Amino acid sequence: MSVRRIRASVVTLALAAAAALGVAGPASATDSAAAGGYAALGDSYSSGVGAGSYLSDSGDCRRSTNAYPYLWQAANSPASFDFVACSGATTSSVASSQLGVLNASTSLVSVTAGGNDVGFADVMQDCVLSNEATCINSVNNAVSQMNSTLPGSLDALYDGIRARAPQAQVVVLGYPRFYQLSGSCVAGLSEAERTAINNASDVLNDVIAKRSADAGFTFSSVVDEFTGHELCSGDAWLHSVTVPVYNSYHPKAAGQSGGYLPAFRSAV
């Protein structure tokens, strides 16, 4: 059990004890967040690419009613809900095209961003279509960008969010590891390629966690939630290479409801 879940269990037991004694507990953080406006920003992992049931007005952004922001607002009824996350978004495009929904009354913001800045789609294309050496070189180039240029890009985005929503709780979510190593896959990428991709995911999450903490935001990992549900696990919550191709390496509806939603909910 993760530390996050242990803390959540302690809080749950304390509230149950208070209820049994007839003691009124304080308003929960979720209640406070729902009292104001909620804005869901970010890339395809927040818009819900791969989860199906896309909103007709979202076009190529592919915002899904199965995505964790939509599921959270349906359960908590915030005062307002601005769902502007978009497939393909980078830190700069989130900053330039999504922050307009934020204002002084925004009380909760969620965001995933960074994967597209380091060429996530190109890396996976190289790994699927090329040899092992090309794949690992592509992964290493992405890791280099994570350590060099990505921190400044994240800082700029986070500064923009805070400037426009000064009172909001901001929850930054990470990305899952893609593969269960020594798993059930008998074809496809080599174990060395899968290991390199997983390691790159860890670096990406570490960079995002550090920059979000320095910004005063809450980082919530999804690695625990997806453990046992990676590709090659036999119960994957992620698409492998699939048709339509844009679904590839994105969470299925189960990954949004069973992975991202609990990770977000635990941080709010």
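Everything that follows concerns the structure shown earlier in this document.
Not measured: the values here are computed from a predicted model.

Moving on to the sheet that holds strand β2 (residues 80-83). Across the sheet, which stays open at both edges, the five strands sit in the order β2-β1-β3-β4-β5 with parallel pairing between neighbours. At either end of the open sheet lies a strand with only one pairing partner, and these are β2 and β5 (218-220). Looking at each pair of strands side by side, their axes are set apart by 15° on average, direction ignored. Where strand β4 (residues 169-173) lies against β5, three bridges are found, and the strand directions are parallel. When the bridges of β5 are listed, L173 appears paired with S220.

On to the packing of aromatic side chains, then. Given two aromatic rings, one states the distance between the centres and the angle between the planes to describe the pair. For the structure on display, the rule yields 17 aromatic pairs. We note R62 situated over the ring of Y246; from NZ or CZ to the ring centre the distance is 3.5 Å.

Time to look at a nonpolar patch on the surface. On the surface, V128, L129 and V241 cluster together into a nonpolar patch covering about 280 Å² of accessible area. Take V128: it is sitting in helix α6 (residues 120-129). The class for V128 is partly exposed, based on a relative accessible area of 36%.

This part is about the side chain of H229. The topology assignment puts H229 in the loop between α10 (223-226) and α11 (253-267). Only 3.0 Å separates the side chain of H229 from the side chain of D235, close enough to count as a polar contact. Those residues in contact with H229 that sit more than four places away from it in its chain are D235, A236, W237 and L238.

Moving on, we come to the packing of helix α8 (residues 150-164) against helix α9 (residues 191-214). Interhelical geometry of α8 versus α9 gives an angle of 40° and a closest axis separation of 10 Å. For the element pair α8 / α9, the angle class is oblique. Relative to α9, the crossing made by α8 is right-handed. Each of L150, P151, L154, D155 and Y158 in α8 lies in contact with α9, whose residues at this interface are L204, V207, I208, R211 and S212. For the contact of α8 with α9, the residue count by class is seven nonpolar, one polar and two charged.

Looking now at α11. End to end, α11 covers 20 Å across 15 residues, agreeing with the expected 21 Å (1.5 Å per residue, within 8%). Considering bend angle alone, the principal kink of α11 is centred on L261 and spans about 35°; proline P262 follows within four residues of it. Every buried residue of α11 is listed here: G255, Q256, G259, Y260, L261, A263, F264 and A267.

Counted according to the given criterion, the structure contains three disulfides. Between the sulfur atoms of C127 and its disulfide mate C135 the distance is 2.0 Å. Here C127 and C135 share a disulfide; its torsion about the S-S bond, 80°, makes the bridge right-handed. C127 gets classed as buried once you look at its relative accessible area, which sits at 2%. What makes C135 buried here is its relative accessible area of 0%.

Conventions we followed
Residues numbered from 1 in each chain as written. Predicted model: local features only at pLDDT ≥ 70, side-chain atom pairs only at ≥ 80, totals over all residues. Heavy atoms only, no water. Pairing = 2+ DSSP bridges. Helix = DSSP H or I, 4+ residues; strand = E, 2+ residues; numbered from the N terminus. Axes fitted to C-alpha atoms, helices over the stretch in contact; angles between N-to-C directions. Phe/Tyr/Trp six-rings, centres within 6.5 Å; stacked < 30°, edge-to-face > 60°. Lys NZ or Arg CZ within 6 Å of the ring centre and 35° of its normal. Patch = residues over 30% accessible without salt bridge, like charges linked within 9 Å, V, L, I, M, F, W, Y side chains within 5 Å. Areas by Shrake-Rupley, 256 points an atom, 1.4 Å probe, with all protein chains shown as cover. Salt bridge = Lys/Arg side-chain N within 4 Å of Asp/Glu carboxyl O. Buried < 20%, exposed > 50% of the residue type's maximum accessible area, 1.4 Å probe, protein only. Polar contact = N/O pair within 3.5 Å; in protein donor to acceptor, adjacent residues only side chain to side chain. Contact = heavy atoms within 4.5 Å. Parallel < 35°, antiparallel > 145°, perpendicular 65-115°, else oblique. Left-handed = near helix turned anticlockwise from the far one by under 90°. Nonpolar A, V, L, I, M, F, W, Y, C, P; charged D, E, K, R; others polar. Expected span 1.5 Å × (residues − 1). Bend = angle between axes of the 7 residues up to and from the residue. Disulfide = S-S within 2.5 Å.

These results come straight from atomic positions and should not be treated as a statement about function.
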